[in-house]
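Chain and residue survey
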Amino acid sequence: MRQITGNRLLDLLAPAQLNRLRPHLKAEVVSHNQTVQERGKPVEFVIFPTSGTISIVAMMLDGTSVEVGIVGREGMLGVQAVLGDDISLNDAIVQISGNVLRIPTDILRQEAEANPGLRAILLRYVQAFLNSATQSAACNRAHLLEHRLARWLLTARDRARTNRLPLTHEFIAMMLGVRRAGVTVAAISFQSAGLIRYAHGRITIADPEGLEAAACECYEITKREYGRLLGGDGEIHAEAVR
């Protein structure tokens, strides 16, 4: 009987492949705003979230920041390790508290080199992650803030598998690389339309279908790519989102 870890990539592995990794996987709880990977530092562990979300954040010399990637239970943090690199270019900060499984980078790399099935799954995820980053770059340049905010909220919902997101406007503005006032105006518009509810630092997606209609095409493109490369529908199951 297949054992479920709660992480999409690990659960795609054959039982024998997963059993080889299990002795090296360590369960941990990560908290909001915790830095789990530092730019310029060696990537000592690869992290597989089973709940919550982690933002990969690029920092500029003037102190501004923008999210360049987001990881939840659909994937892993540490794609550079799979590609043979040991240094992180960006910080990785916990966006929504949750649980993770971490494994030493050198162990995962050794197992991937010895196991074609594991290596293939990890490389497909790397491709999906890079596709998402490419689409995000185009999105940030071409689309209005309202469309980008809708896309970002839906992506955070999918990764965390919940419609209730403990996020402030200030945090979202930092992730999108925009002014807080712009996020507030867009959020008020969404709330007035009944798409979201916002109170006490928590955003609740009240109308997911309506929010999808408000998002740009980048949301569907990225979701479809995850599904194409990793099966299913990009690990988005309506019945599991609460």
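Here, the structure is the one placed above.
In this report, the structure presented in the accompanying data block is examined.

Parameters and conventions
Residues numbered from 1 in each chain as written. Predicted model: local features only at pLDDT ≥ 70, side-chain atom pairs only at ≥ 80, totals over all residues. Heavy atoms only, no water. Salt bridge = Lys/Arg side-chain N within 4 Å of Asp/Glu carboxyl O. Helix = DSSP H or I, 4+ residues; strand = E, 2+ residues; numbered from the N terminus. Buried < 20%, exposed > 50% of the residue type's maximum accessible area, 1.4 Å probe, protein only. Phe/Tyr/Trp six-rings, centres within 6.5 Å; stacked < 30°, edge-to-face > 60°. Lys NZ or Arg CZ within 6 Å of the ring centre and 35° of its normal. Expected span 1.5 Å × (residues − 1).

**Here we look at the pattern of salt bridges**
When the charged atoms of two side chains with opposite charge come close together, those side chains can pair. Applying the stated criterion to the full structure yields ten salt bridges. Between arginine 159 and glutamate 74 there is a salt bridge, with its nearest N and O atoms 3.4 Å apart. Of this pair, arginine 159 sits in helix α6 (residues 145-160) while glutamate 74 sits in the loop between β5 (65-71) and α3 (79-82); the two residues are 85 residues apart in sequence, bridging distant segments of the chain. Owing to a relative accessible area of 3%, glutamate 74 belongs among the buried residues under this scheme. Shared partners join several salt bridges into a network, and the residues in it are Lys26, Glu28 and Arg102.

**Quick word on the packing of aromatic side chains**
Two aromatic rings, taken as a pair, are described by how far apart their centres are and by the angle between their planes. Under the defined criterion, the tally for this structure stands at two aromatic pairs. With a centroid separation of 6.2 Å and an interplanar angle of 45°, the aromatic rings of tyrosine 125 and phenylalanine 129 are classed as tilted. Pair noted here: tyrosine 125 and phenylalanine 129 are both in helix α5 (residues 116-142), with a separation of four residues, about one helical turn. An identical accessibility class is assigned to tyrosine 125 and phenylalanine 129; each is buried. Three or more aromatic residues joined by ring pairs form one cluster here, namely Tyr125, Phe129 and Tyr226. In this structure, arginine 102 is placed above the aromatic ring of phenylalanine 45, and the distance from its NZ or CZ to the ring centre is 3.7 Å.

**Let's talk about α6**
The end-to-end C-alpha separation of α6 is 22 Å, in line with the 22 Å expected for 16 residues at 1.5 Å each. Summarising burial for α6: 14 of the 16 residues are buried, a large majority. Arginine 161 occupies a position one or two residues after α6 and carries a positive phi of about 60°.

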